Amino acid sequence: MVYTAVLTLLSHWRRHPGQLLTLVAGLALATALWSGVQAINAEARASYAEAAATLGQDQLSRLSRADGRPVPLADYIALRRAGYLVSPVISGELRDGPARLRLLGIDPLTAPPQTGAPALEGEALDLAAFFTAPGLLLMTDETAAGALPPDLPPIVLRDTVPPGAAITDIGTAARLLGQADPNYLLVAADQPAGLPPLDEARDLRLQGPSTTADIGSLTDSFHLNLTAFGLLSFAVGLFIVHAAIGLAFEQRRATVRTLRALGLPLRTTLVAFGLELAGLALFSGALGLVLGYAIAAALMPGVAGTLRGLYGASIPGTLSFDPVWALSAIGMTLAGAGLAGLQALRRAAQMPILAPANPRAWAQASARSMRMQALAAGTLLAVGVGFAVVGGSLEAGFATLAALLLGAALILPATLGLILRLASRSARGALSEWIFADTRQQLPGLSLALMALLLALAANIGVSTMVGSFRETFTGWLDQRLAPELYLSIADPGEAESLLAFVRPRAEAVLPIVSTEIPLAGRPGEVFGQVDHATYRDHWPLLAAAPGAWDRVADGEALLINEQLARFAGLTLGDVLEITPDLSLPIAGVYSDYGNPTAQASVTLTRFTETFPDVPVTRFALRVPPEDAPALASALRDDYGLPPDGVVNQAQIKRFSLSVFEQTFSITGALNVLTLGVAAFALLTSLLTLATLRLPQLAPVWALGLTRARLARIEVVRSLILGALTFALALPVGLMLAWVLLAIVNVEAFGWRLPMTLFPIDWLRLFALAMLAAALAAALPALRLARLSPTTLLKVFAHER
Amino acid sequence: MDKLLQIDGLTKAFGPVEVLKGVSLTLDRGETLALTGESGSGKSTLMHLAAALDTADVGSIRLDGIEMSHLNDPARAALRRDRIGLVFQQFNLIPSLTVAQNIAFQARLSGRHEAARCAMLAARLGIGTLTRRYPEELSGGQQQRVAIARALANRPDLILADEPTGNLDEATGDAVLDLLLELVAETGAALMMVTHSTRLAARLDRRLHLSRGQVSAVPRAA
Amino acid sequence: MNVRLAAALLCLISPPVFAQGFAGLGTEAGGFAVPENPLTFDFPADHGPHPEFRIEWWYLTATLTAPDGTDYGVQWTLFRSALAPMTAEGWEAPQLWMGHAGLTTPEAHFSAERLARGGIGQAGVTPDPFAAWIDDWAMVARDPVSGDALDALALTARGMEFAYALSLTANGPLIFHGDAGYSVKSAEGQASAYYSQPFYTVTGTITLPEGDVPVTGSAWLDREWSSQPLSEAQEGWDWVSLQFDDGARLMGFSLREADGGRYTSATWIEADGTTQAYPDGALRMTPLAEAQVAGRSVPVEWRVELPDRGLDVTTTPLNPQSWMDVTVSYWEGPIRIAGTHPGRGYLEMTGYE
Ligand SMILES: Nc1ncnc2c1ncn2[C@@H]1O[C@H](COP(=O)(O)OP(=O)(O)O)[C@@H](O)[C@H]1O
Ligand SMILES: [Mg+2]
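*Asks:* Which parts of the structure should I look at to understand the overall build of chain C?
*Replies:* What chain C contains, in helices and strands, is 2 helices and 23 strands. Scored against the burial criterion, the 353 residues of chain C give a buried share of 60%. Sequence-distant contacts, at least 24 apart, represent 57% of the contacts inside chain C between residues at least 6 apart. When the accessible surface of chain C is totalled, it reaches about 11,800 Å², and 52% of it is carbon and sulfur.

And the structure:
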């Protein structure tokens, strides 16, 4: 019986293949965007976890020096000779122009088992070759295929090595990096009986195991962003599905009525509907998975680039297939389809066998639910404002966003209804009066699609305003901050004297740049040593400064910190920051430092060298008249003999910084366009649904003296009006969104706050795009209306529906 | 002077089914004509052709001397709008407009709206107090009165009514028909009306019977 | 003695590589020196490392007794394995070191392992004053040193659950195996340099999970180096050092060949240190009983016969589960001897992985 019922229901699709396509496309699109974003997130998370597990960092403690410098080899040996099970790691980066490779030199002889040193697992490795010069480098094939520095030892492929890195014997790493002292020591989880605790043994800093690493929390915001977009797309996709299922149900009302009149129990009818829906959802979900995988694979390189550029997190640019991901995506599709079909099922359940078709009753019920919806919207908006006011965390920021967007979407139908009512009052002429009245009546059927459009438009406005503001601030800041015309770097600190002798007579000023990595207020950080020069005084944008800040810094009595450090550590002017036990200074100023995830502090060069006497000066900034810069650069290369990448001009750095920036937001842009496309599709399917339902309302108007072509044009105009009104409402919502992103989410996620800039030209473009979407969505139904044979319209008069 | 409506040799087929096989008839100004016939005999089809809602396969329809088959779509729409009033079995009011807006709709479309006439018609039809309501808030009889008011508001030359009382009970139907005939007589429009009821048909000037695609005059019963 | 272990050290952990390295050891000396007969020893220098040879060890076993009469056994071994016949300073020195420590009680057996590379000071051996160490494990000369550099030693090692600190005093001379230290290991002529100090008396403390236990007893130190000591056909070996109650001692080993044959060798040591070496076939070692140890069957009781000396004894282990759970695992533990010559000793069996 169920079988017959399902077959009867399915026969509908044979006669309406377009509708079937819509339903399948809607579900597939929803699944695709959601699962695509999830795939990207999962891949990135997995690689963070893998990175965190590299050398067992997630299980093993580490010993390192408080000042961040390498641990002297003698200290390591002393620890071993005292009986402690610690294992040395020499890590560093090999660079050659754009090519770079992170080396992890390990000692397989002492490495604790949790290190999982890949050198000693799996297929046979020529261990003699691994241990003796030239050594072996273990890396993934992706890393091996990328740009690598020249003159590397032979490469052995291992897919457990983190991207962009090579694992090698500590001896090989020591030789390649020119460093004998380990950067840190891995501490075995179990130590032999009878030894005093390790942290009392030496004045080294013992760091506990880092679970899913700091990089995870740094990039959380990015992934939250993606997830939010994914959910948005999924919601928009569900709107489509809802519309398609609603239509399919409306059209099969008569069939269902007949089936039930012929004795099919209600329960069986519902089961049949459910089975049909589940089957369609499974099929579409599978299709969506394929699509989602394709989307993710296409976006993955961009995401990898972004994460590398913005957060320094290495993830592979390729995607691996995860069955759990596939299952969860299909589950989400089933749940979504169930949700979308619930209303249709409920209506089927409640429909009396002999009820006449009455779409107007549905519309009335919708009017009631519209009021409820407006009420819910008001509550949500209030909650959103509440979250914004309380604020204080990334979660609160996103909760504000969610409440705001959802509230705005829910209140849309009521607002549009109000506007249309006002408009119809002032309408002159029977036709315009009818257009407004009729549009208002269509609202319930279109509201889901319009809500989707509103979400897409608002997200678009919000994100583009955020990105635009960011870009403007960032470029302005780069122009300011990157004042020196040339930047030099040397490989051998011993070369500094001769280089200085060469450039001093040729440049207006030579500013040494020296820094060392060191935790600041408990976070990864960097300390800079600077000379006192107008370049800094004039060009460093200080967000907050104590009186005479630069003088006090120059006198070595104070330091400057970046905005990120100030925000996360809650530091303000006058607070004392401890860099090392020997170096604690009050804060005289806070500078903006966009695009950098780590904490920074800046002291005078004298202070720096006192505290870190062993950190060599290998980088210099040169001030020369801008027109002389190219000549000096080539002189440095040709006459002095600096390698090509030893001289970088300002423009190059700017270009690089901006390209990192653009890449960061290219994925956002891509998702934006996709979401808008899906929203337009939702509008199209809704209009198609309505087109069939609305024939009885159009037929009399046609009979009373309007051509079909005119009616079709009216349909397009109506869609445009709705699109325009939706855009008008989306604009303030989008701007609020941008504000939340800039003032709350950015501060929490990146640690910097940006001024908001408005881009009306962008809005115009988006408005045009929205109009295009609305027109395109209305085009097909309108065209069909214009081509409709009079016979179809006449049937309205001739037959009982 | 020409007849108001002159139909000659009208043939219309739906696929293999020839519904009308050379129907001819005429209607004078101010004349009322009843069209009877079995269900499915093609009465509605004939009405739709006369209303310029559909096109014939063969034959001619002339309204006031204008040959409909020569008109393009916009001209046919204009003809419907300006010259014809329609009353359907299912009323076919515009659900999104109020009663007053429905009555005035066609007249306003053709630019001949007279508020006073609309008010008068509403009053005469007994729906003067209902003008702010929406169609679905009215009974069937009330809805059909609105449809009649709409058809007349435009001062059409020809009113085509397809079973206007078919959805109404007998008493209501009689009352509505009384009003329709009264108002048609007052405005001097011609009326062609489909009905099943011989009793009602008898109240019109002439009666034609449609059978097997042909019309034949039915003499007035004694 | 423990040739396979040293071979494994070279190849470290990966079994396929082990096979490859083993084959290499069996066939070619590959640029390394090989022991030549006759050998001339130069002490104390020869107590130190011989980097031009591929493998070398300092191997000490001790049979101990607590005041309450409980027997214990202790093992301390430092292996050296060269990737190239040279030394160097720094991370890239081609010398690898491996330490094994074992402690056997009648109820339990503890083992520990340490690995290190040469060139950075984490492990090594110096001849004079003598010191051999890896991490905090050490076998060093107790000052003042008189006589041989190995005559007075302090020995320490520590595992996760155990530790020991012993003081060793030699009361006899060094003895040399085979032909004045030239010890042949197969019919094809593979050989090693091999000498021992079998006359240590021991006092000290062992640390068990339950606490410290004072012990006394005797110990035996083996020194051996070589570059290609095994024949390709040899699968493993069974080795004993026996200290008879009458003061004489016996070193004997039996190399198992793939075809079921055995290559045996023995050194009889009188209480005064005079030795007699026995060629292949003079010593007979016959397994008597097997035990399930770490999931495999191992012959833990033996009949040892040396008819030339009227020797016919059976050995029983202090603890049949004396399994060294290290990178390349093997059986090593104290034994009791009954029969014509009662006494105590140590048994090592390799190649049962
Ligand atoms: N659009 C159409 N397509 C096919 N057949 C039609 C169509 N409209 C009417 N018919 C057929 O034409 C015949 C006349 O219909 P109709 O004019 O509605 O009859 P009446 O109004 O007299 O009951 C019927 O047999 C009907 O099935
Ligand atoms: Mg009909």
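Read on for the rest.
*Asks:* It is not clear to me how the sheet that holds strand S6 (residues 84-87) of chain B should be interpreted in this structure. Could you clarify?
*Replies:* Strand-to-strand pairing in sheets goes through backbone hydrogen bonds, with the strands running parallel or antiparallel. Residues and elements named next belong to chain B. Spatially, S6-S7-S8-S3-S9-S10 is the arrangement adopted by the 6 strands of the open sheet, whose pairing is mixed. Every interior strand has two partners, whereas the edge strands, S6 and strand S10 (214-217), have only one. With strand direction ignored, the average angle separating the axes of adjacent strands in the sheet is 20°. By the bridge criterion, 4 bridges tie strand S9 (residues 206-211) to S10 in an arrangement that is antiparallel. Following the sheet pairing, Leu-210 is matched in S10 by Val-215.

*Asks:* What am I meant to see in the nonpolar core here?
*Replies:* Within soluble globular proteins, side chains that are nonpolar generally end up buried alongside one another. By size, the foremost hydrophobic cluster in this structure holds 81 residues, and its most contacted members are A:Leu450, A:Leu457 and A:Leu683. The set of elements that each furnish at least two residues to this core consists of helix H12 (394-425), helix H13 (430-481), strand S10 (509-517), helix H16 (549-554), strand S15 (583-591), helix H20 (650-693), helix H22 (708-749) and helix H23 (760-787) of chain A. Element by element, the count of residues in this core is highest for H13(A), at 21 residues. Per-domain counts for this core show at least three residues from each of domain 3 (368-479 + 651-801) and domain 4 (486-623) of chain A. When near neighbours in sequence (up to four residues on either side) are disregarded, A:Leu457 contacts A:Leu676, A:Phe727, A:Ala730, A:Leu766 and A:Ala770. In terms of nonpolar packing, the next biggest core, distinct from the first, is built from 59 residues, A:Ala430, A:Val701, A:Ile714 and B:Leu86 among them.

*Asks:* Before we go on, may I ask you to explain the packing of helix H3 (residues 99-109) of chain B against helix H5 (residues 140-153) of chain B in this structure?
*Replies:* Helix packing for two helices is described by the angle between their axes and how far apart those axes are. Residue and element names in this part refer to chain B. With their axes 7 Å apart at the nearest point, H3 and H5 run at an angle of 30° to one another. As judged from the angle between their axes, H3 and H5 are roughly parallel. In this structure, H3 meets H5 at a crossing whose hand is right-handed. On H5, the residues that touch Val-99, Asn-102, Ile-103, Gln-106 and Ala-107 of H3 are Val-146, Ala-149, Arg-150 and Ala-153. Partitioning the contact of H3 with H5 into residue classes produces 6 nonpolar, 2 polar and 1 charged.

*Asks:* Sorry if this is basic, but what is going on with the interface of chain B and chain A here?
*Replies:* A common way to state how big an interface is: give the accessible area lost once the parts meet. Listed per partner, the contact involves 26 residues of chain B and 28 residues of chain A. Across the chain B to chain A interface the summed buried area is about 2,500 Å²; carbon plus sulfur atoms make up 60%. Summed over the shared surface of chain B and chain A, the result is 7 residue pairs in polar contact (both at pLDDT 80 or more). For the side of chain B that touches chain A, the secondary-structure elements that each account for two or more residues are helix H2 (73-83) and H3 of chain B. Residue composition of the side of chain B that touches chain A, grouped by class: 13 nonpolar, 6 polar and 7 charged.

*Asks:* Sorry if this is basic, but what is going on with the interface of chain A and chain C here?
*Replies:* With 37 residues of chain A in contact, the opposing surface of chain C contributes 24 residues. Both faces considered, chain A and chain C share a buried interface measuring about 2,500 Å² in area, 64% of it formed by carbon and sulfur atoms. On the chain A side of the interface with chain C, the three residues burying the most area are A:Arg81, A:Leu109 and A:Phe131, jointly 26% of the side's total. The interface formed by chain A and chain C holds 4 salt bridges in total. Between A:Arg175 and C:Glu92 there is a salt bridge, with its nearest N and O atoms 3.0 Å apart.

*Asks:* Just to check I follow, could you spell out H3(B) for this structure?
*Replies:* Think of an α-helix as turning once every 3.6 residues; residues three or four places apart then point the same way. Among the 11 residues in H3(B), 8 count as buried, and that is most of the element. Of the surrounding secondary structure, the elements contacted by the buried residues of H3(B) are H13 and helix H21 (695-703) of chain A together with H2, S6, helix H4 (115-124) and H5 of chain B. Of the residues flanking the end of H3(B), it is B:Gly111, one or two places downstream, whose phi is positive at about 70°.

*Asks:* Would you mind going over the packing of H4(B) against helix H6 (residues 170-187) of chain B with me for this structure?
*Replies:* All names here are of chain B. Taken N-terminus to C-terminus, the directions of H4 and H6 make an angle of 145°; their axes are 11 Å apart at the nearest point. When you trace H4 past H6, the crossing you get is right-handed. Contacts from Arg-117, Leu-121 and Arg-124 in H4 reach Leu-179, Glu-182, Leu-183, Glu-186 and Thr-187 in H6. Split into classes, the residues belonging to the contact of H4 with H6 amount to 3 nonpolar, 1 polar and 4 charged.

*Asks:* I would appreciate a short explanation of unusual backbone geometry in the present structure.
*Replies:* It is generally the case that most residues other than glycine have a negative phi and that most peptide bonds are trans. Cis geometry is found at the peptide bond from A:Ala133 to A:Pro134, where omega equals 5°. When you line up the elements, A:Pro134 lands in the loop between helix H4 (127-131) and strand S4 (137-139). You will see that B:Phe91, though not glycine, has its phi angle at about 65°, which is positive. Here B:Phe91 is to be found in the loop between S6 and H3. B:Phe91 sits in the buried class, given a relative accessible area of 8%. Residues other than glycine seldom take positive phi values, yet B:Asn92 does so here, at roughly 50°. Along the chain, B:Asn92 turns up in the loop between S6 and H3.

Cut-offs used in this document
- Residues numbered from 1 in each chain as written.
- Chains lettered and ligands numbered in written order.
- Predicted model: local features only at pLDDT ≥ 70, side-chain atom pairs only at ≥ 80, totals over all residues.
- Heavy atoms only, no water.
- Helix = DSSP H or I, 4+ residues; strand = E, 2+ residues; numbered from the N terminus.
- Buried < 20%, exposed > 50% of the residue type's maximum accessible area, 1.4 Å probe, protein only.
- Contact = heavy atoms within 4.5 Å.
- Areas by Shrake-Rupley, 256 points an atom, 1.4 Å probe, with all protein chains shown as cover.
- Pairing = 2+ DSSP bridges.
- Axes fitted to C-alpha atoms, helices over the stretch in contact; angles between N-to-C directions.
- Core = buried A, V, L, I, M, F, W, Y, C linked by side-chain atoms within 4.5 Å.
- Domains from an automatic or database assignment.
- Parallel < 35°, antiparallel > 145°, perpendicular 65-115°, else oblique.
- Left-handed = near helix turned anticlockwise from the far one by under 90°.
- Nonpolar A, V, L, I, M, F, W, Y, C, P; charged D, E, K, R; others polar.
- Buried area = accessible area lost by both parts, 1.4 Å probe.
- Polar contact = N/O pair within 3.5 Å; in protein donor to acceptor, adjacent residues only side chain to side chain.
- Salt bridge = Lys/Arg side-chain N within 4 Å of Asp/Glu carboxyl O.

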